[in-house]
Amino acid sequence: GQTLLLFVAPGIRRDDPDWHAAQLVNYILGGGGFESRLMSEVRDQRGLTYGIGTSLATTEHSGLIMGNARTANAKAGEAWKVTRDVWRRVHDEGVTDAELQSARDYLIGSSVTGFTSSGAIASILLSLQQDRLPMDYLDEREGLFRAVTLADAARVAKRLLDPARLTLVVTGKPEGI
């Protein structure tokens, strides 16, 4: 059988000045698919999960950083331990310059792929309106990501990834949790 691990911690609002740094830290932690630390350490190196990832979620009044992983019941305890260890290391040590540059390049480059159809463009414009962003945000976006320093990323990792504020919800029949 399988276990689903859902984990969450307080995040930041979309209008927070640290939003772009948080996007980069999240990408490195678990938002970057196969490039992320969680995917590398939990799935690739140890084979503990079928997939794992994180994302930033925002509402009008709050934000969350949330993640999930699917694993075999017998591997759930170890998968959660490694997940928490990776979370704690990014909190304590920040990220590397190479990771920051890779995340920055991806997030800047991926914005271009959103303009592939009328529906995609409408979705981007709707997001701008929902997030109350100015129409020139798309022109400024690259500069906002490029302005994030390694020190900014470390500060935001400390702010977002406090292991004491990480909550786990489990479904399935996990062993070791």
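Refer to the preceding data block for the structure.
A brief structural summary.

Procedures and definitions
Residues numbered from 1 in each chain as written. Predicted model: local features only at pLDDT ≥ 70, side-chain atom pairs only at ≥ 80, totals over all residues. Heavy atoms only, no water. Salt bridge = Lys/Arg side-chain N within 4 Å of Asp/Glu carboxyl O. Buried < 20%, exposed > 50% of the residue type's maximum accessible area, 1.4 Å probe, protein only. Helix = DSSP H or I, 4+ residues; strand = E, 2+ residues; numbered from the N terminus. Core = buried A, V, L, I, M, F, W, Y, C linked by side-chain atoms within 4.5 Å. Contact = heavy atoms within 4.5 Å. Axes fitted to C-alpha atoms, helices over the stretch in contact; angles between N-to-C directions. Parallel < 35°, antiparallel > 145°, perpendicular 65-115°, else oblique. Left-handed = near helix turned anticlockwise from the far one by under 90°.

### Thoughts on the pattern of salt bridges
If charged atoms from side chains of opposite charge come close, those side chains can pair. All chains considered together, the criterion is met by 11 salt bridges. A salt bridge links D15 to R13; the nearest nitrogen and oxygen atoms lie 2.6 Å apart. Take D15: its relative accessible area is 55%, and that puts it in the exposed class. With a closest N to O distance of 2.6 Å, D16 and R159 form a salt bridge. Note that D16 is positioned in the loop between strand 1 (2–10) and helix 1 (19–31) and R159 in helix 7 (residues 150–160), a separation of 143 residues in sequence. Among the ionic contacts, a cluster of salt bridges with common partners joins D16, D18, D152, R155 and R159.

### Details of the nonpolar core
Within the largest apolar cluster, 39 residues are counted, with the highest numbers of intra-cluster contacts made by L29, W87 and L161. Listing elements by their share of this core, those giving two or more residues are strand 1, helix 1, helix 2 (37–44), strand 2 (51–58), strand 3 (63–72), helix 3 (76–93), helix 4 (97–110) and helix 7. If you tally residues by element for this core, the top one is helix 1, at eight residues. If near-sequence neighbours (up to four positions away) are discounted, L161 is found in contact with V25, L29, I65, W87, V90 and H91.

### With respect to the packing of helix 2 against helix 3
At a closest axis distance of 10 Å, the pairing of helix 2 and helix 3 adopts a crossing angle of 150°. When the interaxial angle is binned, helix 2 and helix 3 end up roughly antiparallel. Where helix 2 crosses over helix 3, the two elements pack in a sense that is right-handed. Facing R37, L38, E41 and V42 of helix 2, the residues of helix 3 in contact are A79, V82, T83, V86, R89 and V90.

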